[in-house]
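Each chain, written out:
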Amino acid sequence: MINKQTTNNQQPTTNNKQQTTNNKKPTTNKLLALVASLGLVLSSWGVTVVSAAPLLEQQGTLSLEDNRLEDGRIYDAYDFQASAGEFVTIVVTSEQFDTYLLLLDSQDKLVEENQNISYQNLNSSITIEIPATGKYLALVISNGGRRGGYNFQVREATRWEIEKLEADNLVDRGIEEYQNGQFQQAIRSWELASSLYNVVQDDFEDISPLQEGEETILGNIGLAYNQLGDYNKAISYQERSLQLAREIGNRGGEVVALNNLGLIYSSQGNYQQAVSYYQQSLTWKRELRDVAGEAKSLGSLGFAYFSLGNYQQAINYYEQSLNLIRQLNDSAAEGASLSSLGSAYKALAQYDKAISYYQASLAIKRKLGDSSGEVAILNYLGQVYFDKEDYNQAIDYYQQSLELARGIGDRRGEATALQNIGVARSYLGDYSEAVRSYDDSGLIFRELERWSK
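Bear in mind that the values here come from a model prediction, so they are computed numbers and not experimental data. (Residues numbered from 1 in each chain as written. Predicted model: local features only at pLDDT ≥ 70, side-chain atom pairs only at ≥ 80, totals over all residues. Heavy atoms only, no water.)

**With respect to the environment of Arg73**
No. 1: Residue placement: Arg73 occurs in the loop between strand 3 (67-68) and strand 4 (74-82).
No. 2: When the C-alpha positions of Arg73 and Arg146 are compared, they lie 9.1 Å apart, and in sequence the two are 73 residues distant.
No. 3: One polar contact links Arg73 to Asn143, side chain to side chain, over a distance of 2.6 Å. (Helix = DSSP H or I, 4+ residues; strand = E, 2+ residues; numbered from the N terminus. Polar contact = N/O pair within 3.5 Å; in protein donor to acceptor, adjacent residues only side chain to side chain.)

The following block contains the structure:
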């Protein structure tokens, strides 16, 4: 539930969003660009490929003479024919380089990808139900520039691989339900997936993917309970995820669990405990040289200290986060970080600095076309001028926020702006207009409350 913002109750903007431990790698624009750079037209095979039977086992070698992606990575390509509804497993193993596997259909569309089977197994494997009869192209790619020999195999999927695929699909379905606010349904999907992982565990020689999947599920269920406000269950599941990550040596999973525990304690209002977990997460992210993760942890620490009323310490962490974000050229995160600094300086009554940071954030929001973010920042600027007792200037910013909110259909932003206009009008002694704004705001808030039930 998002608290409505008033001139006397401002929350800092952060980029501390709910995180799920989903290990599925979504298609990225960068990846699509790399695939497009191959110039593949599978009907005529625009690259040199190694012909293959529908089920095959091939030994190959990646060398400097092989095909290259736009980013310089070398690859081999294998085509095969498959029928709709078939369950196929494609595996690449190598002792000499970190493998990466892409599967494309006859229209050059990415069907699936896999970098590592698990945190322990740097080989690549895809199990998939073939969506349509036709030719498919598998790309064996070297990550990290190393070269050498590998084994490539396409075969019929085993029963337990199919059951694991069903469990993986349930995990993905749970993530979709979570993102749609269907938290109870998401929990049920993840619990079913967990049951399937347990059923097939004895059939796998390498159970690390199943352990990693179970760790993911525990963490995700914890986040769902956090959204439902059941903090005790949320913490319990997240602690189990953390324990399992440590038992199996999954450092990345440990970092995610630590961060999520910080987030849950922050949601609970226990900011001191949140700081403890964020600090642990930050330590590991620095050791892993995860700059983006480090920036997020620093921002989360800033938010926790802001919530504790330690605004100077919050500024310290926000500034460190901002420096890293700028190194990463992440404009959206930079806009959020600037807004957070504005909120901290506003809390210290350093209004000129607050205005400067908010204006910088506003410029980025406008450049990115982030209208919702612009609505919020205009409202924040109005709050600063209200605190400066410049009520006319405050109303001007609130009015800009109101008009933009109406233009994009942001009902909550509209109600917030109307409420704040009412407060400012009352301070100017314009009571009739203040009452009108209050009434209009109240109608919208009641409407939003009915929709949320």
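**Considering the confidence of the model for the protein chain**
No. 1: Summary statistics for the protein chain give a mean pLDDT of 87 and a share of 88% for residues scoring 70 or more.
No. 2: Note that pLDDT drops below 50 for residues 1-54; the model gives that stretch 135 contacts with residues more than four away or on any other chain. (pLDDT = per-residue confidence, 0-100. Contact = heavy atoms within 4.5 Å.)

**Looking at the packing of helix 10 (residues 331-347) against helix 11 (residues 351-368)**
Two quantities define a packed helix pair, namely the angle between the axes and the distance from one axis to the other.
No. 1: Running from N to C, helix 10 and helix 11 cross one another at 160°; their axes reach a closest spacing of 8 Å. Between helix 10 and helix 11, the crossing angle belongs to the class labelled roughly antiparallel. Seen along the crossing, helix 10 lies across helix 11 with a hand that is left-handed. Residues Ser331, Ala332, Glu334, Gly335, Ala336, Leu338, Ser339, Leu341, Gly342, Ser343, Tyr345 and Lys346 of helix 10 pack against Tyr351, Lys353, Ala354, Tyr357, Tyr358, Ala360, Ser361, Ile364, Lys365 and Leu368 of helix 11.
No. 2: Of the residues belonging to the contact of helix 10 with helix 11, the class tally is 12 nonpolar, 6 polar and 4 charged. (Axes fitted to C-alpha atoms, helices over the stretch in contact; angles between N-to-C directions. Parallel < 35°, antiparallel > 145°, perpendicular 65-115°, else oblique. Left-handed = near helix turned anticlockwise from the far one by under 90°. Nonpolar A, V, L, I, M, F, W, Y, C, P; charged D, E, K, R; others polar.)

**Topic: the packing of helix 9 (residues 311-328) against helix 10**
No. 1: Axis separation between helix 9 and helix 10 bottoms out at 9 Å; the angle between their running directions is 160°. Relative to helix 10, the element helix 9 lies roughly antiparallel. In the crossing of helix 9 with helix 10, the sense of the turn from one axis to the other is left-handed. Across the interface between the two elements, Tyr311, Ile315, Tyr318, Glu319, Leu322, Ile325 and Arg326 of helix 9 pack against Ala333, Glu334, Ser337, Leu338, Ser340, Leu341, Ala344, Tyr345 and Ala347 of helix 10.
No. 2: The residue makeup of the contact of helix 9 with helix 10, split by class, is 11 nonpolar, 2 polar and 3 charged.

**A closer look at helix 5 (residues 231-248)**
No. 1: Across its 18 residues, helix 5 extends 26 Å between first and last C-alpha, which sits within 8% of the 26 Å expected from 1.5 Å per residue.
No. 2: Buried within helix 5 we find Ala234, Ile235, Tyr237, Gln238, Ser241, Leu242, Leu244, Ala245 and Ile248.
No. 3: Check the buried side of helix 5 and you find it contacts helix 3 (183-200), helix 4 (208-227) and helix 6 (251-268).
No. 4: Following helix 5 by one or two positions, Gly249 adopts a phi angle in the positive range, close to 75°. (Expected span 1.5 Å × (residues − 1). Buried < 20%, exposed > 50% of the residue type's maximum accessible area, 1.4 Å probe, protein only.)

**Concerning unusual backbone geometry**
No. 1: Phi angles above zero are rare outside glycine, and Arg289 is one such case at about 60°.
No. 2: Along the polypeptide, Arg289 turns up in the loop between helix 7 (271-287) and helix 8 (291-307).
No. 3: With a relative accessible area of 75%, Arg289 lands in the exposed category.
No. 4: Even without being a glycine, Ala349 presents a positive backbone phi close to 65°.
No. 5: Position of Ala349 relative to the elements: it lies in the loop between helix 10 and helix 11.
No. 6: Overall, Ala349 belongs to the partly exposed group, its relative accessible area being 42%.

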